[in-house]
Amino acid sequence: MAQIRDRGLPRYAGSGSLYGFLTVLIIIEVAAITAQAYFLARAVTSLFQGTPIGEVLSSIGYFFAAFMIRYAVTHLQSMLAERFAARTARMLRNKLMQAYFRSGFIIRKKGTGHLVTLAMDGVDKVKAYAEIIGIRMIKTMVIPVVIAGFIWTLDVTSALILIATVPVVIMFMILLGKTAQAKADKQYDTYKRLSNHFIDSLKGLETLVFLGQSKKHAQRINKVNTDYRKATMSTLKVAFLSSFALDFFTSISIAFVAVGLGLRLIDGTVALFPALTILILAPEYFSPIKQVGKDYHATLDGQVAMGEINELLRDDEHSAESSDVGAMAKADSTDWSLSFTDVTVALDGKTLLDQVSLDIPEGWVGVIGSSGAGKSSLIHVLAGRLAPTSGTIRIGQEEVRSLDHRDWFDRIAYIPQQPYIFPLSLADNIRFYAPDATDKQVEKVIAQISLDDLVNSLPNGIHERIGEGGRALSGGQAQRVAIARALLSEKPVILLDEPTAHLDIETEYEIKQVMRELFRDKQVILATHRLHWMAVMDHIYMLDHGSIAASGTHEALVRGDNAYASFVKGRRGEML
């Protein structure tokens, strides 16, 4: 599959001034290259003609001065490009992290493994590309033109030979480059598959071991790794072949110039000084073209990574621009009633929600349905993590394109199936939504959610480190920490996505009682497939294949002839 590529010079903050400075420096560099060849040829010619060395010292001095200027300018070019690339890499990583945490749809679309790869290896490839490509492209446009023009003033025939061979070299570069690009695309596809596979394997390692599938999965990992190795070797073969072809054709071109000059030197139709100057400059004429050919293979991955990163950031910026519509208008409003009209969400050609229309009432709202019905997708829309493809969302009388803006985030607390425990203290984990909360406020919340026994067992109390590298928590304890976060935040809207799906019955019952007590005065929207929650809901929405199949109270729905009643009858064994 053809990859997205952003060819040409990278366009990021500061790129315009950088390319301007580089152009000036490269003009100085080509002047120094020409001066080097001129004074070196003059010194050698003078010595060959028997001129005393004392009279040649000035030419030798000028040669070394030009040499020092050339390499000082080259060093300055590399330093400027490296600083720009490093600054760009930091900027891209920051933007990727912001997009990662702001836009849930990006995570679903790209895959966690691929996003991690983009933020780490992908940005490094863009950095290498930005370091190399600016200097190489400007040199390719400036140095051959200036040198060809200077050689034209010395010998028209040699200049014509050099100019005529460039299209031939470029043609072979294009032919081999197309093949290399196809190979690199295949390699990058396998690399993305390997990265996603690796992250998914790490996330599910405990489950694989528990189910006894670890050895079988290891074979699949080995297959993906082998595919990537083969794709890499195939790409390297083409890269080495194209480098050889490029060196071969440029060497032939220089040989034509040298032979022509040699024959005319014998005939006496050209002098030694211009001939020697041209021979010194001929390799310099082809040097930028050869370097671009060699760097092309080194920057293919950089082009692809830059294309994907730019596309992802453009999608995120578009989403942010769309979601900010109406945000300030709601800032002073007291009407936060929420309604959906024909809201559809599609991702990668799959419809997650299909023309959903509903009004979110006050109190406890249950969203129920079988797996894949669209419950989590609806919660993600409510959490601002998914943007509707079509339809209308209203907050009060204000129409917004999505719920991804600060005013709405200030009102909601989100408790997922498996809340993340940061490798920080227990108190800092609970302060997630309220970082300025005092220790007394944290301790009050801990008492409310019955985490006293855990705190008493910790040597440092609420300041004990938990999570990775610290005290491990059970599923029930982690869920209580998530509840404590929401409670301490004092946010009026609580979103719950299968909050007890991975807990045992006893722990689930305890968590349910805690939430019913602590969140009794809040607006709670709970997505679950567990029927026993529905009996305590003020209103229920039944989802089926992304659409609203039934709506109402539990008592009214079970007495009617609807999808919810059929769902309940099919699961009579579950406690209500």
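Cut-offs applied
Residues numbered from 1 in each chain as written. Predicted model: local features only at pLDDT ≥ 70, side-chain atom pairs only at ≥ 80, totals over all residues. Heavy atoms only, no water. UniProt positions renumbered as here; feature names shortened; annotations may be inferred. Helix = DSSP H or I, 4+ residues; strand = E, 2+ residues; numbered from the N terminus. Buried < 20%, exposed > 50% of the residue type's maximum accessible area, 1.4 Å probe, protein only. Contact = heavy atoms within 4.5 Å. Areas by Shrake-Rupley, 256 points an atom, 1.4 Å probe, with all protein chains shown as cover. Axes fitted to C-alpha atoms, helices over the stretch in contact; angles between N-to-C directions. Parallel < 35°, antiparallel > 145°, perpendicular 65-115°, else oblique. Nonpolar A, V, L, I, M, F, W, Y, C, P; charged D, E, K, R; others polar. Phe/Tyr/Trp six-rings, centres within 6.5 Å; stacked < 30°, edge-to-face > 60°. Lys NZ or Arg CZ within 6 Å of the ring centre and 35° of its normal. Left-handed = near helix turned anticlockwise from the far one by under 90°. Salt bridge = Lys/Arg side-chain N within 4 Å of Asp/Glu carboxyl O.

- An unreviewed UniProt entry lists the chain under the name Thiol reductant ABC exporter subunit CydD, with Lentibacillus cibarius as the source organism.
- Listed under Subcellular location (unreviewed entry) in UniProt, the entry text for the chain is "Cell membrane".

1. As for the overall build of the chain
Alright, step 1. Helix and strand content of the chain: 17 helices and 10 strands.
Alright, step 2. The burial tally for the chain puts 48% of its 576 residues in the buried class.
Alright, step 3. Put simply, 78% of the contacts in the chain that link residues at least 6 apart link residues at least 24 apart.
Alright, step 4. On the chain, roughly 28,500 Å² of surface is accessible, and the fraction owed to carbon and sulfur atoms is 59%.

2. Topic: the packing of helix α14 (residues 475-489) against helix α15 (residues 505-518)
Alright, step 1. Between α14 and α15, whose axes approach to 11 Å, the crossing angle comes to 10°. Classified by the interaxial angle, the pair formed by α14 and α15 is roughly parallel. Of α15, the residues touching α14 (which contributes Gly 476, Gln 479, Arg 480, Ile 483 and Leu 487) are Thr 507, Glu 510, Ile 511, Val 514, Met 515 and Leu 518.
Alright, step 2. Classifying every residue of the contact of α14 with α15 by side-chain character gives 6 nonpolar, 3 polar and 2 charged.

3. Some remarks on the packing of aromatic side chains
Alright, step 1. As enumerated under the stated definition, the model contains 10 aromatic pairs in all.
Alright, step 2. Arranged with centres 5.6 Å apart and planes meeting at 20°, the rings of Phe 422 and Phe 432 form a pair that is stacked. Of this pair, Phe 422 sits in the loop between β6 (412-415) and α11 (426-430) while Phe 432 is found in the loop between α11 and α12 (439-448), placing the two residues 10 residues apart along the sequence.
Alright, step 3. Phe 422 sits in the partly exposed class, given a relative accessible area of 27%.
Alright, step 4. Taking the relative accessible area as the measure of exposure, Phe 432 reaches 43% and is therefore partly exposed.
Alright, step 5. Ring pairing ties together the aromatic residues Tyr 38, Phe 39, Tyr 62 and Phe 273, which thus form one cluster.
Alright, step 6. Residue placement shows Arg 485 over the ring face of Phe 432; its charged tip is 5.4 Å from the ring centre.

4. Some words on the packing of α12 against α14
Alright, step 1. It is the contact of α12 with α14, at a shortest axis distance of 10 Å, that shows an interaxial angle of 125°. Considering their axes alone, α12 and α14 lie oblique with respect to each other. Read as a crossing pair, α12 and α14 show a hand that is right-handed. Judged by residue contacts, Gln 441, Val 442, Val 445 and Gln 448 of α12 engage Ala 484, Leu 487 and Leu 488 from α14.
Alright, step 2. A class-by-class count of the residues in the contact of α12 with α14 yields 5 nonpolar, 2 polar and no charged.

5. Looking at the pattern of salt bridges
Alright, step 1. For the coordinates displayed, the defined rule picks out 8 salt bridges.
Alright, step 2. A salt bridge links Arg 93 to Asp 124; the nearest nitrogen and oxygen atoms lie 2.9 Å apart. Of this pair, Arg 93 sits in helix α2 (residues 53-102) while Asp 124 sits in helix α4 (residues 112-154), placing them 31 residues apart in sequence.
Alright, step 3. Its relative accessible area of 39% is what places Asp 124 among the partly exposed residues.
Alright, step 4. Arg 431 is paired through a salt bridge with Asp 439; the nearest N and O atoms lie 2.3 Å apart.
Alright, step 5. Residue Arg 431 is classed as buried on the basis of its relative accessible area of 11%.
Alright, step 6. If you follow the salt bridges from partner to partner, you end up with Asp 428, Arg 431 and Asp 439 in one network.

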